[in-house]
There are 4 protein chains.
Amino acid sequence: MTSEQHAIEERIRSSFARQGLMATLGASLGSIAPGRVEIVLIPGPAVSQQHGFVHAGAVSAIADSAAGYAGLSLMPAGRGVLTTEFKINLVAPALGERIIARGEVVKSGRTLTLAQAKVFAETGR
Amino acid sequence: MTSEQHAIEERIRSSFARQGLMATLGASLGSIAPGRVEIVLIPGPAVSQQHGFVHAGAVSAIADSAAGYAGLSLMPAGRGVLTTEFKINLVAPALGERIIARGEVVKSGRTLTLAQAKVFAETGR
Amino acid sequence: MTSEQHAIEERIRSSFARQGLMATLGASLGSIAPGRVEIVLIPGPAVSQQHGFVHAGAVSAIADSAAGYAGLSLMPAGRGVLTTEFKINLVAPALGERIIARGEVVKSGRTLTLAQAKVFAETGR
Amino acid sequence: MTSEQHAIEERIRSSFARQGLMATLGASLGSIAPGRVEIVLIPGPAVSQQHGFVHAGAVSAIADSAAGYAGLSLMPAGRGVLTTEFKINLVAPALGERIIARGEVVKSGRTLTLAQAKVFAETGR
């Protein structure tokens, strides 16, 4: 890992640690690479909707943070990221041992960055 | 309140109580009317992002539930609601004593219902 | 009408005249007010989808232009508007004598402006 | 090409021919495969916005049709497709000799199908 990559990872870990919601949800940072960041959520009653699946709001929260940190990973030090809008499609109930949101930058711009997060479940391994 | 309205309110309160995420976030049900449901969130470190504002994911969660229950309030008993997709625009930092998501049905259909939630802050009162 | 409103209307009419697509669709400008602009489309085979309804793309085109010009109507002279993203929900087939897209500014910002367009049909009158 | 693929292609070509808007825009069908359909648009004044780029509405129109036909390509004969909603991000001005919208099915469901279209420019070749 280069020292620049190390600095980026430090910046993201430090910002993530200040996102109180992530601790409240029990979410944790997964892998971090330039333009790509993963966040992991463990399904359970604390993040569920009425049928026991992970609530769309919890899925949105980790997707939003993963996409935001993917954007931050490509920015110079001292810059911050603020979500202005997002769209989410929920194509299947969120079930499994771990729910992983993988955020990836689609287009990095001066004022606007577009990132996409895919959220999927993992079991076993 | 008619007995039908009472039944609707019971259904929504009972479903809300099973949404573990709402308790985890400290969110509560506000007013309930046919086609319109409010959910209230108290800002604080437990639902924050890195700058101390309410995390977009927490805003999304109460917006999604408020819109979903607005939809449910117009459905016959025994029917359920599942979010398939939503879009959110964050136009200002979520700050204040209470954050209120007001969900309202735009179009109620046989298989698809469209609802919109406005999220705003309230202080004092 | 104040001279400032007159200048805004001139600016929008001049920009609209350069949008070749609007002429191709047969769309025309309706009422113009600060923060609110209407565009009118006449349904017909030239703008239809396979069932004879107005194509979602034609609905999107007038909605996008109406929202964009609503934003432009609140900007100082010399500024331009560029759509970065939009979301559209199609809740009923677009049928009628006239389809009207009414764009309204929700939040006007320095770099980002959020506008909403409602598209509805009108018959008779 | 199997006879089933041939039937699918026939169905899409026949439906496309009834989309009056596509002819009005000068758009044409590109490659067709199960779950993936391309539509081609030639930039020019007839489909432009005020700066001469392709209008977001024209981009949306071919993206919507490409995604819709990708969905239709996986459906049994006799079924139809109707767009209920879409979201579009415009990340760069649409410029080039040909604009291609490539629609691909993400998730095919009983009542709802999710498809994604990527729109890109091609020059030369």
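As shown above, the structure is provided for reference.
We now turn to the structure provided with this report. Fair warning: this is a prediction, and the values are worked out from it, not measured in the lab. (Residues numbered from 1 in each chain as written. Chains lettered and ligands numbered in written order. Predicted model: local features only at pLDDT ≥ 70, side-chain atom pairs only at ≥ 80, totals over all residues. Heavy atoms only, no water.)

### Digging into the sheet that holds strand S5 (residues 113-122) of chain C
Residue and element names in this part refer to chain C.
Consideration 1: On the basis of which strands lie adjacent, the open sheet formed by four strands has the order S1-S2-S4-S5 and antiparallel pairing. For this open sheet the edge positions go to strand S1 (28-33) and S5, each flanked by a neighbour on one side alone. Across the sheet, the mean angle from the axis of one strand to that of its neighbour is 20 degrees, orientation sign disregarded.
Consideration 2: Relative to strand S4 (residues 98-108), strand S2 (residues 36-41) is paired through six bridges, and the arrangement is antiparallel. Within the sheet, the bridge partner assigned to Ile39 lies in S4 and is Ala101.
Consideration 3: On top of the sheet, helix H3 (residues 56-72) reaches S2, S4 and S5; it is set at about 40 degrees to S4, its chief contact. (Pairing = 2+ DSSP bridges. Helix = DSSP H or I, 4+ residues; strand = E, 2+ residues; numbered from the N terminus. Axes fitted to C-alpha atoms, helices over the stretch in contact; angles between N-to-C directions. Contact = heavy atoms within 4.5 Å.)

### What about the environment of Arg102(A)?
Residue and element names in this part refer to chain A.
Consideration 1: Relative to the assigned elements, Arg102 resides in strand S4 (residues 98-108).
Consideration 2: Residue classification places Arg102 among the partly exposed positions, given a relative accessible area of 26%.
Consideration 3: Measuring from C-alpha to C-alpha, the distance between Arg102 and Arg36 comes to 7.0 Å, with 66 residues separating the pair along the chain.
Consideration 4: The residues contacting Arg102, other than those within four sequence positions of it, are Arg36, Val37, Glu38, Ala66, Gln116, Ala117, Lys118 and Phe120.
Consideration 5: A polar atom in the side chain of Arg102 sits 2.7 Å from the side chain of Glu38. (Buried < 20%, exposed > 50% of the residue type's maximum accessible area, 1.4 Å probe, protein only. Polar contact = N/O pair within 3.5 Å; in protein donor to acceptor, adjacent residues only side chain to side chain.)

### Quick notes on the packing of aromatic side chains
Residue and element names in this part refer to chain A.
Consideration 1: Applying the stated rule across the entire model yields six aromatic pairs over all chains.
Consideration 2: Consider the rings of Phe16 and Tyr69, whose centres lie 6.3 Å apart with planes at 55 degrees: the pair is tilted. Here Phe16 is found in helix H1 (residues 3-18), whereas its partner Tyr69 is found in helix H3 (residues 56-72), with 53 residues between them in sequence. Comparing Phe16 with Tyr69 shows no difference in burial state: the two are buried. (Phe/Tyr/Trp six-rings, centres within 6.5 Å; stacked < 30°, edge-to-face > 60°.)

### Side note on the layout of surface pockets
Consideration 1: Approximately 160 Å³ is the volume attributed to the second largest pocket.
Consideration 2: Every residue along the wall of the second largest pocket is listed here: Gln50(A), His51(A), Arg11(B), Ser14(B), Ser15(B), Arg18(B), Tyr69(B), Leu72(B), Arg79(B), Gly80(B) and Val81(B).
Consideration 3: Contributing elements (two or more residues each) for the lining of the second largest pocket: helix H1 (3-18) and helix H3 (56-72) of chain B.
Consideration 4: Top contributing element to the lining of the second largest pocket by residue count: H1(B), with four residues.
Consideration 5: Here the lining of the second largest pocket is built from residues that sort into three nonpolar, five polar and three charged. (1 Å grid on protein atoms, 1.4 Å probe; cavity = no way out; pocket = protein on both sides within 12 Å on 5 of 7 lines; lining within 4 Å. Points joined across faces, edges and corners; volume = space filled by probe spheres on them. Nonpolar A, V, L, I, M, F, W, Y, C, P; charged D, E, K, R; others polar.)

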